[in-house]
Amino acid sequence: MAESIDRYAVFGNPIEHSKSPFIHTCFSEQTGQRLIYTAELVELDDFENAVARFAENNGKGLNITIPFKQAAWQLAHQCSTRAQRAGAVNTLVINDKDDYFGDNTDGIGLTRDLTINHKLQLKNKHILIVGAGGAVRGVIEPLLASEPASLTIANRTKQKAVQLAQDFADLGTIGACGLDELGDNPYDIIINGTSASLSGDLPPLPESLIHANTFCYDMMYATEATPFMRWAQQHGAANVADGKGMLVEQAAESFRIWRGCRPDTAPVIEALSKL
Ligand code: ATR
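Residues numbered from 1 in each chain as written. Predicted model: local features only at pLDDT ≥ 70, side-chain atom pairs only at ≥ 80, totals over all residues. Heavy atoms only, no water.

1. Describing the overall build of the chain
Counting its secondary structure elements, the chain contains 11 helices and 12 strands. Relative to the globule expectation of 19 Å for 275 residues, the C-alpha radius of gyration of the chain, 19 Å, shows essentially globular dimensions. Dimensions of the chain, computed from the C-alpha atoms along their principal axes, are close to 70 × 40 × 30 Å. Each of the 275 residues in the chain was classed as buried or not, and the buried ones make up 48%. Excluding contacts between residues fewer than 6 apart, the proportion of contacts in the chain whose partners are at least 24 apart in sequence is 67%. Of the roughly 13000 Å² of accessible surface on the chain, a fraction of 47% belongs to carbon and sulfur atoms. (Helix = DSSP H or I, 4+ residues; strand = E, 2+ residues; numbered from the N terminus. Rg over C-alpha atoms; globule rule 2.2 N^0.38 Å. Buried < 20%, exposed > 50% of the residue type's maximum accessible area, 1.4 Å probe, protein only. Contact = heavy atoms within 4.5 Å. Areas by Shrake-Rupley, 256 points an atom, 1.4 Å probe, with all protein chains shown as cover.)

So, in structure tokens, the structure goes:
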């Protein structure tokens, strides 16, 4: 009987611009792991069935992206504590057709990118996160674990920031406010976790948030600088970065969970920049 190749994929909607097949193909070549990784467009009402079909076709693991991370968390039979806390799953391990394990590697992806690739120290820094949606929910726990001087969540809809701060209050102190309540205090690190960049928009932010050493990071990744990155550059941020490194780092952590070996991310981040 012909040997069957382990299959992996990213499920999302939309999905056509996903870089995950490129990244995981680089990882599989680099580590000598034989696998197939594809990007699959899943209809909004078909997520659970699509996972089941994939499992029956030698699917061993999935990355989950917008808008299915919460549905994946509900579908997983067991979850890691970090996925449980986030209420969102971006990595499914398919052990059997009735045994899915859910994890969330977004948080570790962000903190590894900030601390290893961009060489930032998070401890004792004043950190602002803009946005309070699913993407932000996944990164709060590891940011708090790095012991910042303060962590503030600012969101267009203030109540969602307040709710998020309450949900993580047992792990540390989190400030919460509306965008219009951001005062004159500057921050050391400003992270844009809104989806505004996806539609070419910029959350309305006062320029007083930036001081000469501020590092501005957009969790989104686009081939050109996002509106948030341009805003940060215009107002004198010391450094500005997009979420390319986070994307590769979260993928590497998913790969490690599936295959038991961690790929080297630096050459893949570089290759992705040249696409
Ligand atoms: P995701 O899973 O990508 O986080 P989401 O849960 O829909 O997606 O959350 C999107 C986030 O981006 C929210 O914080 C949203 O603000 P609201 O809670 O007020 O909706 C924020 N957002 C999206 N577009 C924005 C814009 N143009 N300006 C400011 N915030 C924006």
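The rest of the description comes next.
2. Describing the side chain of Asp218
Here Asp218 shows up in strand β11 (residues 210-218). Summary of buried charges: Asp218 has no salt-bridge partner, and the nearest side chain of opposite charge, Arg230, is 9.2 Å away. For Asp218, the side chain forms a polar contact with the main-chain nitrogen of Met220, separated by 3.0 Å. For Asp218, the side chain forms a polar contact with the side chain of Thr226, separated by 2.6 Å. (Lys, Arg positive; Asp, Glu negative; His and termini not counted. Salt bridge = Lys/Arg side-chain N within 4 Å of Asp/Glu carboxyl O. Polar contact = N/O pair within 3.5 Å; in protein donor to acceptor, adjacent residues only side chain to side chain.)

3. Some thoughts on the site of the ligand
Close to the ligand lie 15 residues, the nearest being Ala132, Asn155, Arg156, Thr157 and Lys160. Ala135 places a polar main-chain atom, nitrogen or oxygen, 3.0 Å from an oxygen atom of the ligand. Within the side chain of Lys160, a nitrogen or oxygen atom sits 2.7 Å from an oxygen atom of the ligand. With the chains in place, 76% of the 650 Å² that the ligand exposes on its own is no longer accessible. Residues of the shell around the ligand, tallied by class, amount to five nonpolar, seven polar and three charged. (Near = heavy atom within 4 Å. Nonpolar A, V, L, I, M, F, W, Y, C, P; charged D, E, K, R; others polar.)

4. Notes on the packing of helix α5 (residues 106-117) against helix α10 (residues 244-259)
Pairs of packed helices are described in terms of their axes, by the angle between the two and the distance that separates them. In the contact formed by α5 and α10, the axes pass within 7 Å of each other and the chain directions differ by 120 degrees. With respect to their mutual orientation, α5 and α10 come out oblique. Between α5 and α10 lies a crossing of right-handed hand. Where α5 approaches α10, its residues Asp106, Ile108, Gly109, Leu110, Arg112, Asp113 and Asn117 are matched on the opposing element by Gly245, Met246, Glu249, Gln250 and Glu253. (Axes fitted to C-alpha atoms, helices over the stretch in contact; angles between N-to-C directions. Parallel < 35°, antiparallel > 145°, perpendicular 65-115°, else oblique. Left-handed = near helix turned anticlockwise from the far one by under 90°.)

5. Observations regarding the nonpolar core
Grouped together as the largest cluster of nonpolar side chains are 26 residues, with contacts concentrated most on Leu110, Leu114, Ile140, Leu143, Ile191 and Tyr217. Broken down by secondary-structure element, the contributors of at least two residues to this core are α5, β7 (126-130), α7 (140-145), β8 (150-155), α8 (158-167), β10 (187-192) and β11. If near-sequence neighbours (up to four positions away) are discounted, Leu110 is found in contact with Val139, Leu143, Ile191, Tyr217, Met219 and Met246. (Core = buried A, V, L, I, M, F, W, Y, C linked by side-chain atoms within 4.5 Å.)

6. Some words on the domain arrangement of the chain
It is common to give the size of an interface as the accessible area that goes away when the parts come together. Here the chain is partitioned into domain 1 (7-104 + 247-273) and domain 2 (107-242). Distance from the C-alpha centre of domain 1 to the C-alpha centre of domain 2: 25 Å. Between domain 1 and domain 2 lies a buried interface of about 1200 Å² when both sides are counted; carbon and sulfur atoms form 54% of it. On the domain 1 side of the contact with domain 2, Arg85, Ala86 and Glu249 bury the most area, a combined 47% of that side's loss. Counting the contacts that link domain 1 with domain 2 gives two salt bridges. Here Arg85 and Asp170 are joined by a salt bridge, their closest N and O atoms 2.7 Å apart. Across the contact surface, domain 1 and domain 2 share four residue pairs in polar contact (both at pLDDT 80 or more). Listed by contribution, the elements that provide at least two residues to the side of domain 1 that touches domain 2 are α4 (81-86), α10 and α11 (266-273). Looking at the side of domain 1 that touches domain 2, the element that brings in the most residues is α10, giving four residues. (Domains from an automatic or database assignment. Buried area = accessible area lost by both parts, 1.4 Å probe.)

7. A look at the pairing of β10
By the criterion of burial, β10 is predominantly enclosed, with six of the six residues buried. As defined by bridge partners, β10 adjoins β11 across five bridges and the pair is classed as parallel. Directly across from Tyr187, in β11, lies its bridge partner Ile210. (Pairing = 2+ DSSP bridges.)

8. Some points on the environment of Asp113
Mapped onto the secondary structure, Asp113 falls in helix α5. According to the relative accessible area criterion, Asp113 is buried, its value standing at 1%. For the pair Asp113 and His77, spaced 36 residues apart in the sequence, the C-alpha separation amounts to 30 Å. Here Asp113 is in contact with His118, Tyr217, Asp242, Gly245, Met246 and Glu249, once residues within four sequence places are set aside.

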